[in-house]
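Fold and geometry: a report
One-letter residues, chain by chain:
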Amino acid sequence: MKIHEKYMMRCIELAKNGLGTTYPNPLVGSVIVYHNSIIGEGWHQKAGAPHAEVNAILNVKDTSVLKDATLYVNLEPCSHFGKTPPCSDLIIEKGIKKVVIGCTDPNPKVAGKGIQKLKDAGCEVIVNVLQKEAEALNKRFFTFQNKKRPFIILKWAQTQDGFMAPKEKKEQKPVWITNEFSRQLVHKMRSEEQAILVGTKTVLDDNPILTTRHWEGNSPIRIVLDRALKIQKNASVLDGNVKTIVLTEISRENIDNLVYETIDFSENIAKQVCEVLYKLNIQSVIVEGGAKTLQTFIDENLWDETFVFKGSTSFYEGLKAPIMKDKLLSEIQIKNDLLFHYINTSF
């Protein structure tokens, strides 16, 4: 592996530590190298906190060597004032003369301006080192910036014979199809995305909480489709413990952590969901169902990845799961369950 790629891979590894905590900011890691040794490293931990480059510089014990060091970062350093000062200004101020960047920032506020500022100050700038890997790391951020919508993940569990739910249920609670390890993995997935979406029927049938109670991490913003506001006020999703956005056709005043947004349910529901989430600066959403809601996103071709958990049981009749025909990226075994990972290849 080339020397630049070696240190860029370390930036990407560091950046992953911020998955689920940096929204709406991207994932960024940075290392500072002097005489082929890392003398400082850091990553962006959450919005409003110091950026990766700042943390890496603060991690350097002897700052006198910075003028002869190389700074690596997986995403172009910012050049504008937000909640924190521009990282490009700090790099220049510290006298760092060589900067290696994974990929440019698609945000119009940056978009090459950080690179140009560094060059104008006399820095040697090398761009697009492990570009594909750097862009893949921030697939949520890039989708949001380039497609003006959140990154969309579909997720469901189905039986061996392709059903999501039995024909009848005796009481209001989920009928578990998968094992406890698969269910814990779902909570990990939730902790990595900014929002989670379900339809009215799922809430009425299962009264889900939609949190990360079985995994360490932030619970996602809850998005609920409720056209006629059928969901009762004592439902878990309306408990106010986590920010919840209800998409409905009926106007209603917001209450603390409960936000109401109106859309037209007669057409292009998935597209309207994307428009609302983009307006609210939500970069990613995991759609957990049920079948009708999932099929809406599939039919409108508004999804990026799909995770299908297949349990070892069979229902023989009941609610059929959607059928995926796109590219199967991977298949892994979780004890007696199988997890299929698909990507949308039509874009």
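By the naming in an unreviewed UniProt entry, the chain is Riboflavin biosynthesis protein RibD, taken from Halomarinibacterium sedimenti. UniProt's Function (unreviewed entry) comment on the chain is quoted here verbatim: "Converts 2,5-diamino-6-(ribosylamino)-4(3h)-pyrimidinone 5'-phosphate into 5-amino-6-(ribosylamino)-2,4(1h,3h)-pyrimidinedione 5'-phosphate."

So, the pairing of strand S10 (residues 244-248)
Among the five residues in S10, five count as buried, and that is most of the element. Residues of S10 alternate between two faces, with Thr-244, Val-246 and Thr-248 on one and Ile-245 and Leu-247 on the opposite face, all of them buried. Across four bridges, strand S9 (residues 221-225) lies against S10 in parallel orientation. Bridge pairing in S10 links Arg-222 to Thr-244. Bridging between S10 and strand S11 (residues 258-262) involves five bridges; their strand directions are parallel. Across the sheet, residue Thr-248 finds its bridge partner in S11, namely Thr-262.

Re the pattern of salt bridges
Counted by the stated rule, this structure contains 15 salt bridges. We note a salt bridge from Glu-288 to Lys-155, for which the minimum N-O separation is 3.7 Å. Of this pair, Glu-288 sits in strand S12 (residues 284-289) while Lys-155 is found in strand S6 (residues 151-158), placing the two residues 133 residues apart along the sequence. For Glu-288, a relative accessible area of 13% translates into the label buried. Each of Arg-10, Glu-13 and Glu-41 takes part in one network of salt bridges that share partners.

Describing the pairing of strand S3 (residues 70-75)
Most of S3 sits inside the fold, with six of its six residues counted as buried. In this structure, strand S1 (residues 29-34) lies alongside S3, joined through four bridges in antiparallel fashion. Bridged to Ser-30 within S3 is Val-73.

Calculation rules
Residues numbered from 1 in each chain as written. Predicted model: local features only at pLDDT ≥ 70, side-chain atom pairs only at ≥ 80, totals over all residues. Heavy atoms only, no water. UniProt positions renumbered as here; feature names shortened; annotations may be inferred. Buried < 20%, exposed > 50% of the residue type's maximum accessible area, 1.4 Å probe, protein only. Helix = DSSP H or I, 4+ residues; strand = E, 2+ residues; numbered from the N terminus. Pairing = 2+ DSSP bridges. Salt bridge = Lys/Arg side-chain N within 4 Å of Asp/Glu carboxyl O.

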